[in-house]
Amino acid sequence: MNLNTLNYKIKSKKIRVGRGIGSGKGKTCGRGMKGQKSRSGVAIKSFEGGQMPLYRRLPKRGFNPIFKKNVAILNLNQLQNYLSKNLISNKNTLNLLELKKSKIFKKKTTKLKLLGNGELKDKINIEVDFISKSAKEKIEKIGGSIKLITK
């Protein structure tokens, strides 16, 4: 017993159109009589006979804002990770410009938001645009300082 006997009809036979009346697909080859769809080289993908097509009946979704603010989000555990790997230093004030220089954030980012997920072990001075309550509490508890940038 081999694979061929298990599934004996693996490949179905190709229908040869236009090969006489007896084939069931002779003369017009299953395209019917006359009309646009009986001709060759015709593709009517979303045409509905003049009726408003489905893709135009349905509402458009989504919106791409022109003045999108690229806010970079940073958690305390990520910040601690960068400090321990010496990617950033806590000697001077840490801000978005410093983080961009160390290639942590892309050049497109315009604002920085600090979130309080995780723990911070090192004392740090940081300038941010937005900060969560928990992050503020944790930094102040260690003895670090936060400067909020308001525009």
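What you are looking at is a predicted structure, and each value in this text was computed from that prediction instead of being measured.

Re the overall build of the protein chain
Line of reasoning, step 1. Along the protein chain, the regular secondary structure elements total 5 helices and 5 strands.
Line of reasoning, step 2. Counting from the amino terminus, helix and strand elements in the protein chain follow one another as α-α-β-α-α-β-β-β-α-β.
Line of reasoning, step 3. Rg of the C-alpha trace for the protein chain: 33 Å, well past the compact-globule value of 15 Å for 151 residues, more than 25% over.
Line of reasoning, step 4. Its C-alpha atoms give the protein chain principal-axis dimensions of roughly 90 × 60 × 25 Å.
Line of reasoning, step 5. When the 151 residues of the protein chain are sorted by exposure, 22% land in the buried category.
Line of reasoning, step 6. The long-range fraction of contacts in the protein chain, counting pairs at least 24 apart against all pairs at least 6 apart in sequence, stands at 38%.
Line of reasoning, step 7. Surface exposure of the protein chain reaches about 12,800 Å², of which carbon and sulfur atoms provide 53%.

With respect to a nonpolar patch on the surface
Line of reasoning, step 1. Judged by side-chain polarity, V42, I44 and F47 come together as a nonpolar surface patch covering roughly 250 Å² of accessible area.
Line of reasoning, step 2. Relative to the assigned elements, I44 resides in the loop between α1 (3-6) and α2 (54-57).
Line of reasoning, step 3. We classify I44 as partly exposed; its relative accessible area is 31%.

Considerations on the pattern of salt bridges
It is possible for side chains of opposite charge to pair when their charged atoms get near one another.
Line of reasoning, step 1. The tally for this structure, following the rule as stated, stands at 2 salt bridges.
Line of reasoning, step 2. Notably, a salt bridge pairs R57 with E48, separated by 3.4 Å at the nearest N-O pair.
Line of reasoning, step 3. With relative accessibility at 29%, the residue E48 sits in the partly exposed group.
Line of reasoning, step 4. Between E119 and K138 there is a salt bridge whose closest N-O contact spans 3.7 Å. Highlighted residues: E119 in the loop between β2 (111-115) and β3 (125-128) and K138 in helix α5 (residues 133-142), separated in sequence by 19 residues.
Line of reasoning, step 5. Overall, the relative accessible area of 52% leaves E119 in the exposed class.

Here is what the cut-offs are and how they apply
- Residue numbering note: each chain is counted from 1, following its sequence as written.
- Given that the model is predicted, a residue must reach a pLDDT of at least 70 before its local features are reported, and side-chain atom pairs must reach 80 or more before they are shown or counted; all residues, however, enter totals for whole chains, interfaces and linings.
- Only heavy atoms go into the side-chain values, all of them from the structure, while hydrogens and water stay out.
- The helix and strand labels rest on DSSP assignments: H or I over at least four residues marks a helix, E over at least two residues marks a strand, and numbering proceeds from the N terminus.
- We compute the radius of gyration from the C-alpha atoms alone; for a globule the expected value is 2.2 Å times N to the 0.38, where N is the number of residues.
- Exposure classes here rest on a 1.4 Å probe applied to the protein chains alone. A residue is buried below 20% of its type maximum, exposed above 50%, and partly exposed in between.
- The contact criterion used throughout is that any non-hydrogen atoms of two residues lie within 4.5 Å.
- Working definition of accessibility: Shrake-Rupley area with a 1.4 Å probe, residue cover restricted to the visible protein chains.
- For patch detection, residues must exceed 30% relative accessible area and be free of salt bridges, and they are connected within 9 Å for like charges or within 5 Å for nonpolar side chains (Val, Leu, Ile, Met, Phe, Trp, Tyr).
- Whenever a carboxyl oxygen of Asp or Glu lies within 4 Å of a side-chain nitrogen of Lys or Arg, that contact is scored as a salt bridge.

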